[in-house]
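Structural characterization, general
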Amino acid sequence: PLVLLAVAIVISGIYELIHRKHRANAIDDFRSAILSTLSGLYPEPTNWPKSIDTYLCARLPVMQEIIDDFKPNVRQESLPAYNRDWDNYYQFCRTEVTDDKCMAAELNPGTEPDPKKQFHTLVSNLLRHAS
């Protein structure tokens, strides 16, 4: 019996190591995929394009694939927050960000919500699940 117990412990240890390595790779892939997809916009908006709504909407299918691919690696208790963060990002890209709102925020800092800051917060919320 002790030999079987020892074998079971060794096998579970090996499984745990493989699982941790797989999760670490998935986290790295998730972060790099989002950062490359949103290059120039996140973490600093160095290349904020005109027609930002069209630009972000064109990237939504790629982002959806990234989000779906990573979902099995999100802890069960964090899954509702992960889905909510994705829904918030998706809604922002589809309906809330426009060039007019960006211009208004630049012309009236402090009085208008800044879409660039909102965007940064939304992407940061998604990336926090990769930790």
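So, here's what we can say about the structure. Just so we're clear, the structure is a prediction, and the values are computed from it rather than from any experiment. (Residues numbered from 1 in each chain as written. Predicted model: local features only at pLDDT ≥ 70, side-chain atom pairs only at ≥ 80, totals over all residues. Heavy atoms only, no water.)

Summed over the entire model, instances satisfying the criterion amount to three salt bridges. Ionic pairing is found between Asp85 and Arg128, a salt bridge with its closest N-O pair at 2.7 Å. Residue Asp85 is located in helix H3 (residues 79-96), and its partner Arg128 is located in the segment after helix H5 (115-127); the two are separated by 43 residues in the primary sequence. A relative accessible area of 45% places Arg128 in the partly exposed class. (Salt bridge = Lys/Arg side-chain N within 4 Å of Asp/Glu carboxyl O. Helix = DSSP H or I, 4+ residues; strand = E, 2+ residues; numbered from the N terminus. Buried < 20%, exposed > 50% of the residue type's maximum accessible area, 1.4 Å probe, protein only.)

Attention now goes to the packing of helix H1 (residues 2-37) against H5. Running from N to C, H1 and H5 point in directions that differ by 160 degrees, and their axes come no closer than 11 Å. Between H1 and H5, the angle falls in the class roughly antiparallel. Handedness of the crossing formed by H1 with H5: right-handed. Residues Phe30, Arg31, Ile34 and Leu35 of H1 form the contact with H5, whose participating residues are Val123, Leu126 and Leu127. Looking at the contact of H1 with H5 residue by residue, the classes come out as six nonpolar, no polar and one charged. (Axes fitted to C-alpha atoms, helices over the stretch in contact; angles between N-to-C directions. Parallel < 35°, antiparallel > 145°, perpendicular 65-115°, else oblique. Left-handed = near helix turned anticlockwise from the far one by under 90°. Contact = heavy atoms within 4.5 Å. Nonpolar A, V, L, I, M, F, W, Y, C, P; charged D, E, K, R; others polar.)

Further remarks concern the environment of Ala105. Position of Ala105 among the secondary structure elements: in helix H4 (residues 99-107). Taking the C-alpha atoms as reference, Ala105 lies 7.5 Å from Pro115; in sequence the two are 10 residues apart. In this structure, Ala105 is in contact with Glu112, Pro113, Asp114 and Pro115, ignoring residues within four places of it in sequence.

It is worth spelling out the nonpolar core at this point. Counting residues in hydrophobic clusters, the biggest one holds 30 residues, and the most contacted among them are Phe30, Leu38, Leu56, Tyr89 and Phe119. When contributions to this core are tallied by element, the ones reaching two or more residues are H1, helix H2 (52-70), H3 and H5. Considering every element that reaches this core, the biggest residue donor is H2, with seven residues. Among all residues touching Leu38, those that are not within four sequence positions of it are Leu56, Met63, Tyr89, Phe119 and Val123. (Core = buried A, V, L, I, M, F, W, Y, C linked by side-chain atoms within 4.5 Å.)

Two elements in contact, H1 and H2, have axes whose closest approach is 10 Å; the angle formed by their N-to-C orientations is 170 degrees. Between H1 and H2, the crossing angle belongs to the class labelled roughly antiparallel. Of the residues in H2, those touching H1 at Arg23, Ala26, Ile27, Phe30, Ala33, Ile34 and Thr37 are Arg59, Val62, Met63, Ile66, Ile67 and Phe70. Here the residues of the contact of H1 with H2 sort into 10 nonpolar, one polar and two charged.

Quick look at the packing of aromatic side chains now. The final tally for this structure, using the stated rule, is eight aromatic pairs. Plain terms: the ring middles of Tyr89 and Phe119 are 6.0 Å apart, the flat faces sit at 45 degrees to each other, and that makes the pair tilted. Here Phe119 lies in helix H5 and Tyr89 lies in helix H3, a separation of 30 residues in the sequence. The exposure class assigned to Phe119 is buried, which follows from its relative accessible area of 0%. (Phe/Tyr/Trp six-rings, centres within 6.5 Å; stacked < 30°, edge-to-face > 60°.)

So yeah, pure geometry; function would need other evidence.
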